[in-house]
Amino acid sequence: MTKPKTKAIDRKRISEALLADRLGLNEEWIERWEERGKIREESHMPDRLPTFIHTKLKKNEIEDIGSEVDRLVSAGCRRQVVHFCLAQLSPAATRLRAGFRNEKEEAVLDTDVERGLATREDLETVANTAKAVRKKIHRYQRELFLVAESSNYSLPVGFECRPKTAIEALDLLQDSLTWVEALAAAYTAPMETTLLKSKGLLYLTLYVSIFADSKKLHGSRISNIHRDNSKPSETGRARDVKYVAGDPLTNLATVLVGQDRKRGEDGDDEEDDVKSWSVSDLHRKLADFKEEHPHLYKRLAIKLKELHNFASR
């Protein structure tokens, strides 16, 4: 096997691979299997508002969010798909996109840990280790062959074929290490934090832009979410201007993204430092994603359409 070139991979290509993984574009959103000669399909779209909404918000706020969902449904969206998109705005989904994994799934500890993506320098150690191991195997290949020939150790199994001799197995291992060395040497770290910031908004924004009738989304209704009558009128007005009234997409985005209520000593809610999303903000973010990653945009749109069609049956 000829050693591949070790020129660093374009950061954009690595960024797109990372985005595809973290946005779930490499996964099947609708499970399909054959049962008794028939193709079965199942989706895990939630039938109710995501749990984090019921946990974080008050009863009247939850009711208001339900009303905003109703408006999207009346405009042409499917309720289950909207719930699915809202679930992508949860703290848990945000943490997963950021690289957190639950160690309990690996039978270690019931805690969340994060290992950020490595730097190019970190991967140099992998390349150097693979190179060193490959050289050692090459140097002592005769001795390793003698052990293989005089023992009952099974030869390694590949995905499509099994080496027929110990020499072939050693060659396969060395070729594999050469491949790993080349991958590690070509690695370029993506700008992970910037790349994944607020990407949970893409699902709902794109879905609404495809299926909702924009004429039915406009209105003058001001949600109770955006009104705080317990505050003095001056404070109430100050909070009201932070939100965009009348558009369910922006109302949902503003309330659910980045909101972390702070409790005062008396148990009352303190002022929230919450960014108010506008229609132009959300569509600009979507347009930027489409321009920078057209293939990923298309894949996301296809998957959302697939969910919509499934929920429309």
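Residues numbered from 1 in each chain as written. Predicted model: local features only at pLDDT ≥ 70, side-chain atom pairs only at ≥ 80, totals over all residues. Heavy atoms only, no water.

1. Details of the nonpolar core
Inference 1: Grouped together as the largest cluster of nonpolar side chains are 53 residues, with contacts concentrated most on Ile53, Ile65, Leu86, Leu204, Leu256 and Leu300.
Inference 2: A total of eight residues in this core trace back to one element, the largest contributor, which is helix α15 (residues 294-311).
Inference 3: Dropping the residues within four chain positions of it, isoleucine 53 is found in contact with Ile62, Ile65, Leu86 and Leu256. (Core = buried A, V, L, I, M, F, W, Y, C linked by side-chain atoms within 4.5 Å. Buried < 20%, exposed > 50% of the residue type's maximum accessible area, 1.4 Å probe, protein only. Helix = DSSP H or I, 4+ residues; strand = E, 2+ residues; numbered from the N terminus. Contact = heavy atoms within 4.5 Å.)

2. A short note on the packing of aromatic side chains
Inference 1: Applying the stated rule across the entire model yields four aromatic pairs.
Inference 2: Ring geometry for tryptophan 29 and phenylalanine 84: centres 5.1 Å apart, planes at 50 degrees, overall tilted. In this pair, tryptophan 29 sits in the loop between α1 (11-22) and β1 (30-35) while phenylalanine 84 sits in helix α4 (residues 79-87), placing the two residues 55 residues apart along the sequence. Of the two residues, tryptophan 29 and phenylalanine 84, both sit in the buried class.
Inference 3: When the ring of tyrosine 207 is compared with that of phenylalanine 211, the centres are 5.2 Å apart and the planes differ by 45 degrees; the resulting orientation is tilted. (Phe/Tyr/Trp six-rings, centres within 6.5 Å; stacked < 30°, edge-to-face > 60°.)

3. Brief notes about the layout of surface pockets
Inference 1: Each pocket or cavity is described by its volume, and for the second largest pocket that value is around 600 Å³.
Inference 2: Lining the second largest pocket we find 24 residues, and of these Gly24, Glu27, Phe84, Gln88 and Leu96 sit closest to its centre.
Inference 3: When residues of the lining of the second largest pocket are traced back to their parent elements, those giving at least two are α1, β1, α4 and α5 (91-98).
Inference 4: At four residues, the largest contribution of residues to the lining of the second largest pocket is made by α5.
Inference 5: When the residues that make up the lining of the second largest pocket are grouped by side-chain class, the tally is twelve nonpolar, five polar and seven charged. (1 Å grid on protein atoms, 1.4 Å probe; cavity = no way out; pocket = protein on both sides within 12 Å on 5 of 7 lines; lining within 4 Å. Points joined across faces, edges and corners; volume = space filled by probe spheres on them. Nonpolar A, V, L, I, M, F, W, Y, C, P; charged D, E, K, R; others polar.)

Function cannot be inferred from these measures alone, as they are strictly geometric.
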